[in-house]
Amino acid sequence: MTPSIYSKLPHIGTTIFTVMSALSVKHNAINLGQGFPDFPMNEKLTSLVNEAMKSGYNQYVHMCGLPLLRERIAEKVNEDYNANVNPETDITVTPGGTYAIYTAFTTILQPGDEVILFEPAYDSYIPNIEINGGVAVSIPLEYPDYSINWDRVKEKVNGKTKAIIINTPHNPTGSVWSAEDIEQLRNIVSGTGIFIISDEVYEHLIFDNKKHLSILRYPDLFERSFVCFSFGKVYHCTGWKMGYCIAPEGMMKEFRKVHQFNCFTCNSPVQFALAQFLTEKNQYRELGVFLQSKRDYFKKLMEQTKFKPLPSFGSYFQLYDYSEVSQENENDFAIRLTQEAGVATIPVSAFYKTPVDNKVLRFCFAKKEETLEAAVERLVKGF
Ligand code: GLN
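Description of the structure in this document. Quantities reported herein were computed from a predicted structural model and do not represent experimental measurements. (Residues numbered from 1 in each chain as written. Predicted model: local features only at pLDDT ≥ 70, side-chain atom pairs only at ≥ 80, totals over all residues. Heavy atoms only, no water.)

1. Some details on the nonpolar core
Formed by 124 residues in total, the largest nonpolar core has its most connected members in Ile73, Leu185, Leu216, Tyr235, Ile246 and Phe363. If we ignore the near neighbours within four places in the chain, the residues touching Leu185 are Trp150, Ile164, Ile166, Trp177, Ile196, Ile215 and Leu221. (Core = buried A, V, L, I, M, F, W, Y, C linked by side-chain atoms within 4.5 Å. Buried < 20%, exposed > 50% of the residue type's maximum accessible area, 1.4 Å probe, protein only. Contact = heavy atoms within 4.5 Å.)

Written as structure tokens, this is what we have:
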């Protein structure tokens, strides 16, 4: 008899990002689906990695992350968010933001614990919760601005609620939290044992003079939070899979117990390079303006089509309504668009446990101008 697996994720298929990127390759499409830039990253940073490798920084660094890198991260967030993060006890460098989120869930969840999340939600959250025996409690964001109806959140909070996962700037919609959202969250969690997992990987990709309301700004919320960040989004190197998690000492101690027996520690030369590069603050402070110009350039080009934009205030993404083009459901239409027009996108229904069909697709605009131009040209021709 051969062994058989009793699946831990029986209802889960392959992530939509891999599915759409593979389809894009198959049909030689322009890939505006999976979120990654196609413009080059900073050469100074790649040179720093190269130097670190050549200088022999190729062995394990501290399991929580290179101490100098953690110091530089602490300096950055303490300055940007007026926080008081201790690099020794509160920061762990992780192989990407998704890993940080997974580890946070694994650290806190016991079977039967409930986690509140907002849909559309980044597609790893629910599997992360379920693989840890938790129960995902989904609250729909209000179409078309994808705001949170806080009364619905209050209705779902009960004695089993272990955590709320939040995400601003938001993937896939590009919505951004306001001070009012923070206040509502505060009202809900204060005096409870509810944890917050805050996905802030798009912290610097924020537009129209909006301010990123990091949980690190609010000591009373931070005391119950795991806050997750990504270097890939900040330095245009998503394939490096490098990020970090920040949490108060006692919580981080438990997080590190999980982390140490999973990946243990991250790529060393990249950490040496990032520690040096992080001192160049303009590199990330000017990012919002740069990505905003991409959003606007793409939006202007898209005026030639019948796709209608929904507002995006942050992230790599903008949603477009295609109801004037087709009445197909989002998944079918996204597939056909890849096959026939040669443009890959992500159907927003993939970010719901029970698919909702608003006839919107997510487009990644973090691309060279010529890529965006070529994609729109195909859309004009094909649809
Ligand atoms: N975060 C990226 C996106 O939303 C994808 C990352 C991945 O493919 N896992 O498109």
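2. Details of the state of the cysteines
For the structure shown, the criterion picks out zero disulfides. Take Cys228: it sits in no disulfide, and the sulfur closest to it among the cysteines is that of Cys245, at 4.2 Å. Free cysteine: Cys237, not disulfide-bonded; nearest cysteine sulfur from Cys266 at 13 Å. Here Cys237 falls in the buried class, since its relative accessible area comes to 5%. (Disulfide = S-S within 2.5 Å.)

3. As for a negative patch on the surface
Taken together, the side chains of Glu369, Glu370, Glu373 and Glu377 present a region of like negative charge at the surface. Tracing the sequence through the fold places Glu370 in helix H15 (residues 369-382). (Patch = residues over 30% accessible without salt bridge, like charges linked within 9 Å, V, L, I, M, F, W, Y side chains within 5 Å. Areas by Shrake-Rupley, 256 points an atom, 1.4 Å probe, with all protein chains shown as cover. Salt bridge = Lys/Arg side-chain N within 4 Å of Asp/Glu carboxyl O. Lys, Arg positive; Asp, Glu negative; His and termini not counted. Charge placed at Lys NZ, Arg CZ, Asp CG, Glu CD. Helix = DSSP H or I, 4+ residues; strand = E, 2+ residues; numbered from the N terminus.)

4. Here's the deal with the sheet that holds strand S7 (residues 225-230)
Sheet architecture is open: seven strands sit in the order S2-S8-S7-S6-S5-S3-S4, paired in mixed fashion. What marks the edges here is a single partner per strand, and that holds for strand S2 (91-94) and strand S4 (135-140). Neighbouring strand axes in the sheet, compared pairwise and without regard to direction, differ in orientation by 20° on average. Bridging between strand S3 (residues 114-119) and S4 involves six bridges; their strand directions are parallel. By the bridge assignment for S4, Glu119 is matched with Pro140. (Pairing = 2+ DSSP bridges. Axes fitted to C-alpha atoms, helices over the stretch in contact; angles between N-to-C directions.)

5. Observations concerning the sheet that holds strand S10 (residues 317-321)
The strand order across the open sheet built from four strands is S9-S10-S13-S12, with neighbouring strands paired in antiparallel fashion. Lying at the two open borders of the sheet, with one neighbouring strand each, are strand S9 (308-309) and strand S12 (346-347). Examined bridge by bridge, S12 and strand S13 (residues 360-364) share two bridges and lie antiparallel to one another. Opposite Pro347, over in S13, you have Leu361 as the bridge partner. Its contacts with the sheet put helix H13 (residues 287-302) on S9, S10 and S13, and the angle it makes with S10 is roughly 20°.

6. Describing the packing of helix H2 (residues 43-54) against helix H11 (residues 268-277)
Contact geometry for H2 and H11: axes closest at 8 Å, N-to-C directions at 130°. As the angle between them shows, H2 and H11 are arranged oblique. Where H2 crosses over H11, the handedness of that crossing is right-handed. Of the residues in H11, those in contact with Lys44, Leu45, Leu48, Val49, Ala52 and Met53 of H2 are Pro269, Val270, Phe272, Ala273, Leu274, Gln276 and Phe277. Within the contact of H2 with H11, the residues separate by chemical class into 11 nonpolar, one polar and one charged. (Parallel < 35°, antiparallel > 145°, perpendicular 65-115°, else oblique. Left-handed = near helix turned anticlockwise from the far one by under 90°. Nonpolar A, V, L, I, M, F, W, Y, C, P; charged D, E, K, R; others polar.)

7. Topic: the side chain of His259
Mapped onto the secondary structure, His259 falls in helix H10 (residues 249-260). Separated by 2.8 Å, the side chain of His259 and the backbone oxygen of Met63 make a polar contact. In this structure the side chain of His259 is engaged in a polar contact, spanning 2.9 Å, whose partner is the side chain of Tyr99. Residue contacts for His259: discarding those within four places in its chain leaves Met63, Thr92, Val93, Tyr99, Thr103, Phe264 and Thr265. (Polar contact = N/O pair within 3.5 Å; in protein donor to acceptor, adjacent residues only side chain to side chain.)

8. Brief notes about the packing of aromatic side chains
Where two aromatic rings form a pair, the distance of their centres and the angle of their planes describe that pair. All chains considered together, the criterion is met by 25 aromatic pairs. Centre to centre, the rings of Tyr60 and Phe264 are 5.7 Å apart; their planes meet at 90°, and the pair counts as edge-to-face. Of this pair, Tyr60 sits in the loop between H2 and helix H3 (67-80) while Phe264 sits in the loop between H10 and H11, and the two are 204 residues apart along the sequence. Here the aromatic rings of Tyr322 and Phe333 are separated by 4.3 Å at their centres, their planes lie at 25°, and the arrangement is stacked. With Tyr322 in the loop between S10 and helix H14 (330-341) and Phe333 in helix H14, this residue pair connects regions lying 11 residues apart in the sequence. One exposure class covers both Tyr322 and Phe333, and it is buried. Here a set of aromatic residues connected by ring pairs shows up, and it is made of Phe298, Phe307, Tyr320, Tyr322, Phe333 and Phe363. (Phe/Tyr/Trp six-rings, centres within 6.5 Å; stacked < 30°, edge-to-face > 60°.)

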